[in-house]
Amino acid sequence: MVDVALSLAVSPCPNDTFVFHALVHGLIPGAPEVNLTFADVDVTNTAAERGEFDLIKVSYAALPWLLDDYELLETGGALGRGCGPLVLAKDAIANGDLTGKTVAVPGDRTTAYLLFRLWAADKQPGRIEVVPFHQIMPGVADGTYDAGLVIHEARFTYQRYGLTSIVDLGEWWEADTGLPIPLGAILAKKGAVDPAEATEWIRNSVSMAWANPDASRDFILANAQEMEPDVVQQHINLYVNEFTLELGKDGLAAADALLQRAAAAGLTPSVKPFV
């Protein structure tokens, strides 16, 4: 057992606060105290490169730069079906052709952007701008950007901005591979925390969240960027699923498929397969 506080960085999104509520609040027997930091995934991807946290939520797309110092845990992350990133625009764009257009993305090493690059290989945008997630939809709506790549609760709210979905990259990925889409991974820093112990703590935290969902409600709503309870619940229902508890064969295969395709396309360094 670790007898010093562990540092944890996750997003303030409802799936993460739901999953980690019990661990953060000292409800898991045998788990150490946890010092929590909230940050958008583009921030955590960069922080992990600097080794700043013991446990951290990052994009699967960032793993090729992180696995020398961190180990992938098979619990607590975000994978699934029907939950992929969307490319949005104010008006329909014929055939989703973004050639020459300006596209806002939430981070240059996010899974969303990696999927976008694989999808848009033959229709390259003219300009990519990395933009904080909450600024993307307003920026597309006011014409600052021709299109925007969005994740998370934007699936449920983009119509409010008068936007149209050009492509659902999750549907594209699933149709092409038959696998779930690997979005967010939980990593444990080598030498700072035992991966097997951390896996057990997080897995118990997930199980406790499912067993008593009301316990985490105030914590979730206090940190959610989208405060409407129905949107928060839709978010949790979509992103907290069987793969959150255990990646399993399909989850690991999805991670391998994404990273092998990215390496083959020259977009990321190659990594050793998980399975």
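Values in this document were obtained by computation on a predicted structure and should not be read as measured data.

Thresholds, definitions, all that
- Residues numbered from 1 in each chain as written.
- Predicted model: local features only at pLDDT ≥ 70, side-chain atom pairs only at ≥ 80, totals over all residues.
- Heavy atoms only, no water.
- Helix = DSSP H or I, 4+ residues; strand = E, 2+ residues; numbered from the N terminus.
- Rg over C-alpha atoms; globule rule 2.2 N^0.38 Å.
- Buried < 20%, exposed > 50% of the residue type's maximum accessible area, 1.4 Å probe, protein only.
- Areas by Shrake-Rupley, 256 points an atom, 1.4 Å probe, with all protein chains shown as cover.
- Lys, Arg positive; Asp, Glu negative; His and termini not counted.
- Charge placed at Lys NZ, Arg CZ, Asp CG, Glu CD.
- Pairing = 2+ DSSP bridges.
- UniProt positions renumbered as here; feature names shortened; annotations may be inferred.
- Contact = heavy atoms within 4.5 Å.
- Phe/Tyr/Trp six-rings, centres within 6.5 Å; stacked < 30°, edge-to-face > 60°.
- Axes fitted to C-alpha atoms, helices over the stretch in contact; angles between N-to-C directions.
- Parallel < 35°, antiparallel > 145°, perpendicular 65-115°, else oblique.
- Nonpolar A, V, L, I, M, F, W, Y, C, P; charged D, E, K, R; others polar.
- Salt bridge = Lys/Arg side-chain N within 4 Å of Asp/Glu carboxyl O.

**Student:** Would you explain the overall build of the protein in this entry?
**Tutor:** Looking only at helices and strands, the protein features eleven helices and ten strands. The C-alpha radius of gyration computed for the protein amounts to 18 Å, which stays within 12% of the reference 19 Å derived for 275 residues, consistent with globular compactness. Considering the protein as a whole, with its 275 residues, one finds that 56% of them fall into the buried category. Summing over all exposed atoms, the protein offers an accessible surface of approximately 11,500 Å²; the carbon and sulfur share of this is 48%. Here the protein contributes 18 positively and 36 negatively charged side chains, and the mean placements of these two sets differ by 5 Å.

**Student:** Explain the pairing of strand β3 (residues 55–59) to me, please; I cannot follow it from the model alone.
**Tutor:** In terms of burial, β3 is largely enclosed, as five of its five residues are buried. Alignment of strand β1 (residues 6–10) against β3, held across two bridges, turns out to be parallel. Looking across to β3, one finds that L8 is bridged to L55.

**Student:** Could you clarify how one ought to interpret the UniProt feature "binding site: substrate" (unreviewed entry) in the protein in this entry?
**Tutor:** Mapped onto this structure's residue numbering, the UniProt feature "binding site: substrate" (unreviewed entry) falls at K57, V58, S59, T111 and A112. Judged by its relative accessible area of 0%, V58 is buried. Secondary-structure assignment places A112 in helix α3 (residues 111–119). Those residues in contact with A112, other than ones at most four positions away along the chain, are P85, L149, I151 and L169.

**Student:** Would you mind going over the packing of aromatic side chains with me for this structure?
**Tutor:** All chains considered together, the criterion is met by three aromatic pairs. When the ring of F38 is compared with that of F219, the centres are 6.3 Å apart and the planes differ by 35°; the resulting orientation is tilted. Of this pair, F38 sits in strand β2 (residues 34–38) while F219 sits in helix α8 (residues 217–223); the two residues are 181 residues apart in sequence, bridging distant segments of the chain. In this structure F38 comes out as partly exposed when scored by relative accessible area, which is 31%. Under the relative-accessibility criterion, F219 is labelled buried at 16%.

**Student:** Would you take a moment to explain the sheet that holds β2 for this structure?
**Tutor:** The strands making up a sheet associate through hydrogen bonds between their backbones, and the pairing can be parallel or antiparallel. The sheet built from five strands is open, its strands ordered β2-β1-β3-β10-β4 with mixed pairing. Each having just a single partner strand, β2 and β4 (70–80) make up the two edges of the open sheet. Here the average twist between neighbouring strands, direction ignored, is 25°. Summarising the sheet, β3 and strand β10 (residues 181–189) pair through five bridges and their orientation is antiparallel. The partner of K57 across the bridge, within β10, is I186.

**Student:** Looking at this structure, how should I read the pairing of strand β8 (residues 147–150)?
**Tutor:** Regular strands have side chains that alternate between both faces of the sheet. Of the two faces of β8, the one lined by A147 and L149 and the one lined by G148 and V150 are each fully buried. Pairing of strand β5 (residues 86–89) with β8, which is carried by four bridges, proceeds in the antiparallel orientation. Residue V87 lies in a different strand from β8, and its bridge partner there is L149.

**Student:** Would you mind showing me how to read the packing of helix α6 (residues 169–177) against helix α11 (residues 248–264) here?
**Tutor:** To describe two helices that pack against each other, one gives the angle between their axes and the distance between the axes. Viewed as axis vectors pointing N to C, α6 and α11 meet at an angle of 100°, and their least axial separation amounts to 12 Å. Between α6 and α11, the angle falls in the class roughly perpendicular. For the pair formed by α6 and α11, the contact residues are W173, D176 and T177 on the first element and A254, A257, L258 and R261 on the second. Of the residues that constitute the contact of α6 with α11, the class distribution is four nonpolar, one polar and two charged.

**Student:** So what exactly am I meant to see when it comes to the pattern of salt bridges here?
**Tutor:** Following the criterion strictly, the structure yields ten salt bridges and no others. Taking the shortest distance from any N to any O, the salt bridge between D122 and K123 comes out at 3.2 Å. The buried category is assigned to K123, whose relative accessible area is 15%. A salt bridge links E129 to R127, with the nearest nitrogen and oxygen atoms 3.2 Å apart.

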